[in-house]
Each structure stands twice: as structure tokens, then as C-alpha cells.
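# Working through the structure, step by step
Read off the chains here:
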Amino acid sequence: MVLKYKGMESSERKKHWDAIYQSKELKDLSWFQPKPETSLSFFKLFEVPLTAKVIDVGGGDSLLVDCLLDLGYQDITVLDISETALEKTKQRFSDRAGN
């Protein structure tokens, strides 16, 4: 089975999202939040322990990972189709990205 996103093949989706993250700053994206309050509130509401394994699917260049690291979470994975978005996140963290 081949899954399609609005008629796009996987390679087209990747190019689409890479182009977005290459041409725009994070703050200029319509979904940008300086602090992802809704997502963070779920961590608090469900009392997610700091030792939990967290995966941010479609995380792009989101600041959620920054906030979680600042709160003390350590086992965080960001998954995204855009290598550009993931590279921007890695650059933001430099020494913390490998963790």
C-alpha cells in the first residue's frame, strides 16, 4: 500500500517540506509558537515522568524539544520528513543534539 499526502508521492512531500524550511525562518511559519503551551500542558496533566521516552512525530523545527529539555526530559526523539528542519534543530542545540 502506498500512502499519499494530498496526491503527493513521498519524495515530493520531502522536497515540499525541505523547501519550506529552507526558505522561511521558524518565526515566520504559520504554526510557530514561542512556547508550545498546549503540548506542554499535556505533559503536566498526564504527569509524564522525566524518564519517559518521548517522540515528537512531525516535530519539524518546533521548540517543543527545547522546552522539554529545559524541563529535564532527556530521552527525546524528533521525527520529521524534512532533513532541513531536523538539521536546524540540531544546529540550535549543538552539543545537546546528540543526546
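Read on for a plain summary of the structure. A quick note: this is a predicted structure, and the numbers were derived from the prediction, not measured. (Residues numbered from 1 in each chain as written. Predicted model: local features only at pLDDT ≥ 70, side-chain atom pairs only at ≥ 80, totals over all residues. Heavy atoms only, no water.)

## Focus on the pairing of strand β2 (residues 75-79)
Basically, it comes down to this: Two strands are said to pair when DSSP picks up at least two bridges between them. Helix and strand assignments come from DSSP, with helices taken as H or I runs of at least 4 residues and strands as E runs of at least 2, each series counted from the N terminus. With the strands aimed away from the viewer, a crossover counts as right-handed if its path from the first strand over the helix to the second runs clockwise.
Across 5 bridges, the pairing between strand β1 (residues 53-57) and β2 is parallel. Bridging from a neighbouring strand, D56 pairs with V78 of β2. In this fold, the crossover linking β1 to β2 by way of helix α3 (residues 64-71) has right-handed handedness.

## Side note on unusual backbone geometry
Threshold: When a residue's accessible area, from a 1.4 Å probe over protein chains only, is under 20% of the maximum for its type it is buried; when over 50% it is exposed; and in between it is partly exposed.
Positive phi outside glycine occurs at E47, with the angle close to 50°. Of note, E47 is situated in the loop between α2 (37-45) and β1. Overall, E47 belongs to the exposed group, its relative accessible area being 68%.

## Overview of the packing of α3 against helix α4 (residues 83-93)
Describing two packed helices takes the angle between their axes plus the distance from one axis to the other. Worth spelling out the cut-off: Here, axes are lines fitted to C-alpha atoms. For helices the fit covers the stretch in contact, and angles between N-to-C directions go from 0 to 180 degrees. With the far helix as reference, a near helix turned anticlockwise by less than a right angle produces a left-handed crossing, and one turned clockwise produces a right-handed crossing. Residue contacts are defined here by distance: any two heavy atoms, one from each residue, within 4.5 Å place the two residues in contact.
Where α3 contacts α4, the axes come no closer than 11 Å and their chain directions differ by 35°. Read as a crossing pair, α3 and α4 show a hand that is right-handed. For the pair α3 and α4, the contacting residues are V65, D66 and L69 in the first and T89, R92 and F93 in the second.

## Side note on a nonpolar patch on the surface
Defined as follows: To count toward a patch, a residue needs a relative accessible area above 30% and no salt bridge. Like charges then connect within 9 Å, nonpolar side chains (Val, Leu, Ile, Met, Phe, Trp, Tyr) within 5 Å. All accessible areas in this document rest on Shrake-Rupley with a 1.4 Å probe, and a residue is counted as covered only by the protein chains that are shown. Salt bridges are defined as contacts in which a side-chain nitrogen from Lys or Arg sits within 4 Å of a carboxyl oxygen from Asp or Glu.
Together, F42, L45 and F46 make up a nonpolar patch on the protein surface, roughly 360 Å² of accessible area in all. By the secondary structure assignment, F42 is in helix α2.

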